[in-house]
Amino acid sequence: MSPAPVRRTVSAVKRRLPRRWRIALRRAAAGTRPWATPSVRELCELPAGKPLLVHVGGIASDRALAGVVRALARLPEFHLALVCGEAERAAAQDLIRRAGKARRRVHEVPRPRTVTAAFLASADVAVFGFEPDAGLALLDTCLAAGLRVVAADSRVVREHLARHQAGDFFAPGSLPSFAKAVERAWQRGGDEMPAPEEPPAAPVEAGAPGPWRALGAGPVRLGLGTANYAGQLSALAVAITAARADVGIELVMAKPPATYRYPADRYLHYPGEHRLDVQMEQARRVLGWYTHLIVDAFRPVLGRVNGDDISADLAALRRARLKVALLAHGSEIRHPGAHLERHAESAFRDAPEELRERLTTVAERNRRTAEESGLPFFVTTPDLLDDVPFATWAPLIVDVDGWACDRPVLERARPVVLHAPSKRWTKGTDRLLPRLQELHDRRIIELRLVEGLPHSEMRRLVQDCDIVVDQLVMGSYGTFSCEGMAAGKVVVAYVSEGPHRAAGVQPPIANATPSTLVKAIESLLDDRPAAVALAAEGARYVRDHHDGRRTAEAFDAFLR
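Residues numbered from 1 in each chain as written. Predicted model: local features only at pLDDT ≥ 70, side-chain atom pairs only at ≥ 80, totals over all residues. Heavy atoms only, no water.

1. A look at the sheet that holds strand β12 (residues 323–328)
Threshold: Two strands qualify as a pair provided that DSSP identifies no fewer than 2 bridges between them. Secondary structure elements are defined from DSSP: runs of H or I of at least 4 residues count as helices, runs of E of at least 2 residues count as strands, and each element is numbered from the N terminus.
Taken in spatial order, the eight strands of this open sheet run β7-β10-β9-β8-β11-β12-β13-β14, and their pairing is mixed. Looking along the sheet, the strands with just one partner apiece sit at the ends: β7 (204–206) and β14 (392–393). With seven bridges connecting them, strand β8 (residues 220–226) and strand β9 (residues 247–255) associate as parallel partners. Within β9, the residue paired with arginine 221 across the bridge is glycine 248.

2. What about the nonpolar core?
This is how the line gets drawn: What we call a nonpolar core is a set of buried Ala, Val, Leu, Ile, Met, Phe, Trp, Tyr and Cys residues that are connected through their side-chain atoms within 4.5 Å. Any residue under 20% of the maximum accessible area for its type is buried, any over 50% is exposed, and the rest in between are partly exposed; the area is computed with a 1.4 Å probe on protein chains only. Throughout, a contact is declared for two residues whenever any of their heavy atoms are within 4.5 Å.
Leu293, Leu317 and Phe377 are the most contacted members of the largest nonpolar core, which totals 56 residues. For this core, the element with the highest residue contribution is helix α19 (residues 479–486), accounting for four residues. Those residues within four positions of leucine 293 in sequence are excluded, and the remaining contacts are Leu222, Gly223, Leu224, Val286, Val301, Leu317, Leu322, Lys323, Val324, Ala325 and Phe558. By size, the runner-up hydrophobic cluster in this structure holds 30 residues, among which are Leu53, Leu80, Ala179 and Ala181.

3. Focus on unusual backbone geometry
Between glycine 225 and threonine 226 the backbone carries a cis peptide bond, its omega angle lying at 5°. Here threonine 226 shows up in strand β8. Unlike most non-glycine residues, alanine 230 shows phi in positive territory, near 55°. Within the fold, alanine 230 resides in the loop between β8 and α10 (232–243). Residue alanine 230 is classed as exposed on the basis of its relative accessible area of 51%. The phi dihedral of arginine 443 falls on the positive side, at around 60°, and the residue is not glycine. Along the chain, arginine 443 falls in the loop between α17 (429–441) and β16 (446–449).

4. So, the sheet that holds strand β5 (residues 148–152)
Going by this rule: Every axis corresponds to a line fitted to the C-alpha atoms, with the helix fit spanning only the stretch in contact, and the corresponding angles, defined between N-to-C directions, vary from 0 to 180 degrees.
Judged by pairing direction, the sheet is parallel, and its six strands sit side by side in the order β3-β2-β1-β4-β5-β6 without closing on themselves. The open sheet terminates on both sides in strands that have one partner only, identified here as β3 (106–110) and β6 (168–170). The sheet shows a mean angle of 25° between the axes of neighbouring strands, taken without regard to direction. Relative to β5, strand β4 (residues 125–128) is paired through four bridges, and the arrangement is parallel. Bridge pairing links phenylalanine 128 to alanine 151 in β5. Across the sheet, helix α9 (residues 175–188) lies against β1 (52–55), β4, β5 and β6, angled at about 170° from β6, the strand it touches most.

5. Quick look at the pairing of β9
Where burial is concerned, most of β9 is hidden: nine out of the nine residues are buried. Of the two faces of β9, both are covered, the one formed by Val247, Ile249, Leu251, Met253 and Lys255 as well as the one formed by Gly248, Glu250, Val252 and Ala254. Relative to strand β10 (residues 266–269), β9 runs parallel, the two sharing four bridges. Across the sheet, residue methionine 253 finds its bridge partner in β10, namely tyrosine 267.

6. Section: the pattern of salt bridges
To keep it simple, the criterion reads: Salt bridge, as used here, is a side-chain nitrogen of Lys or Arg placed within 4 Å of a carboxyl oxygen of Asp or Glu.
Scanning the entire structure with this criterion turns up 36 salt bridges. Across the salt bridge formed by aspartate 470 and lysine 427, the nearest N and O atoms sit 3.0 Å from each other. Here aspartate 470 is found in the loop between β17 (467–469) and α19, whereas its partner lysine 427 is found in helix α16 (residues 424–427), with 43 residues between them in sequence. For aspartate 470, a relative accessible area of 2% gives the class buried.

7. A few points about α19
Counted residue by residue, α19 has seven buried out of eight residues, so it is predominantly covered. Restricting attention to buried positions, one finds in α19 the residues Phe480, Ser481, Cys482, Glu483, Gly484, Met485 and Ala486. Along its buried surface, α19 packs onto α15 (400–403), β15 (416–419), α18 (455–464), β17, β18 (490–493) and α22 (528–546). Following α19 by one or two positions, glycine 488 has its phi on the positive side, about 80°.

8. A few points about the packing of α18 against α19
Let me state the cut-off plainly: These descriptions rest on fixed angle ranges, namely under 35 degrees for roughly parallel, over 145 for roughly antiparallel, 65 to 115 for roughly perpendicular, and the rest for oblique. Two helices that cross are described as forming a left-handed crossing if the nearer one is turned anticlockwise from the farther one by less than a right angle, and a right-handed crossing if clockwise.
Running from N to C, α18 and α19 cross one another at 50°; their axes reach a closest spacing of 10 Å. If you check the angle between α18 and α19, you find them oblique. Along this stretch, α18 crosses α19, giving a crossing that reads as right-handed. Across the interface between the two elements, His455, Met458 and Val462 of α18 pack against Phe480, Glu483 and Gly484 of α19.

9. Quick word on the environment of aspartate 430
Applied cut-off: Pairing of N or O atoms within 3.5 Å defines a polar contact, subject to two protein rules: one partner must be a possible hydrogen donor and the other a possible acceptor, and residues neighboring in sequence count only if both atoms are side-chain atoms.
As for its placement among the helices and strands, aspartate 430 is situated in helix α17. A distance of 2.8 Å separates the side chain of aspartate 430 from the side chain of arginine 424, its partner in a polar contact.

10. Some points on α10
Which entries qualify depends on this criterion: The length a helix should cover is 1.5 Å for every residue beyond the first.
Over its 12 residues, α10 runs 16 Å from end to end, which matches the ideal 16 Å to within 8%, given 1.5 Å per residue. Most of α10 is tucked away: nine of the 12 residues are buried. Considered for burial, the residues of α10 that qualify are Gln232, Leu233, Ser234, Ala235, Leu236, Ala237, Ala239, Ile240 and Thr241. Each element contacted by the buried residues of α10 is listed here: β8, β9, β11 (292–296), β12 and α23 (549–554).

11. Observations regarding the side chain of aspartate 383
Following the sequence through the fold, aspartate 383 ends up in the loop between β13 (377–379) and β14. In terms of polar contacts, aspartate 383 uses its side chain to reach the side chain of serine 476, at 3.4 Å. Discounting chain neighbours no more than four positions away, the residues touching aspartate 383 are Arg334, Met474, Gly475, Ser476, Pro499 and His500.

See below:
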């Protein structure tokens, strides 16, 4: 039979034939031995050229594997083969069910009697997770197959692969770390040896503390950690120091080694959080030294010994009789489904489905932790009070004096409008940009769209504009809005009235959604004196609420 009819036959019967029969038919069409042991790629029924990861260790015992499967959302071109024996099929199928939309790219592959290099060679990258009892012979088989290896970072595996000058490493539980390791391995190509690695960063590094009072300088020993998003914990430490003479502070920030360093007393590098010596030192400091602890963004404070969020650390913190509070900023507690129900032009309309699913899981888990723990709970933006009405607003902090400027606004015939999204979907950029472009093309405004600019250069652009357009799809004003108000600019953003009323504030912001943006800007330009007054009121408002004083006041009762 010629190849074309065979292909048509296989296509017609589709999945009614057993997988091995389909493979045999394809091989017969190609003129090769039909009943030879199929390769892992053939068992996945993937054509050559589709990037294929293969995991050949134990399924149930690999603590990193659930994170590997979740990380496929960040690797949309890659497929993953889970090679498993009959006893592990249920565990593999459960992982596939939990993979969300990526489950179509996860393949359960029956384990042959002997895993050989020939069986694995058709894959591209071998994934070796974090299975303490796994033998290193599997690694040698992967290397003999010519595969690039991506492995969870552990001393034994690192030393073994170092002898072969092979391997890219990821921090178990860190989805970005795994995705980047896969991309590095893929980009190198199969025949190239990895470039010599830079010396690994120390797992813990002394920090560059800001102007806050050191731990032990007062009877209240406050720990802060470990997210420090946008330097908010650093600003909070300074604010509490100014408000309370009895508080000494230690700020610990967990971060990748090469990222920007906001001020902190100690830096924990992500892979180091998985090391036992780092975990023991963290436990000694946190449980032995602190009297109070503010947990930032539900991140763990004892390294990753108990998992990837704070919930499992709480028992130890209670036994040590620490006073603990929770602090949230946004996506770690904002529920996508509830947001979509509340806001007709919600940002989550533009979020990828897999991201919505992941953020829903995170928000539900963290709300459950907050409710069940009964701990004091603070949020930095009022819109989050819709999700957690039992929380207290602790306003985000900006350097009001650093952003202030005396340049007049709206004196130009064609005012400058600045939009600077950090992530487009969170700001509604793709919906609002055509409307701003229309005003620009009509020469009503001069549009400046800025993305990826360092924060230091952003300040100059804000101070030089007339109108700042922030997010129009979230329901609250954030850091960029505060910086715009501090600079004395007119700020346009979408502000949901209910939670701000509950917080007792009415921010002086021109309220707009993508569909009302043009009308909002035209109204500002039709009554420029009123718009100038709104900008001046914004400068006063941000000084009253966001220079740190009100935030420190929110934490005052907790620190007693």
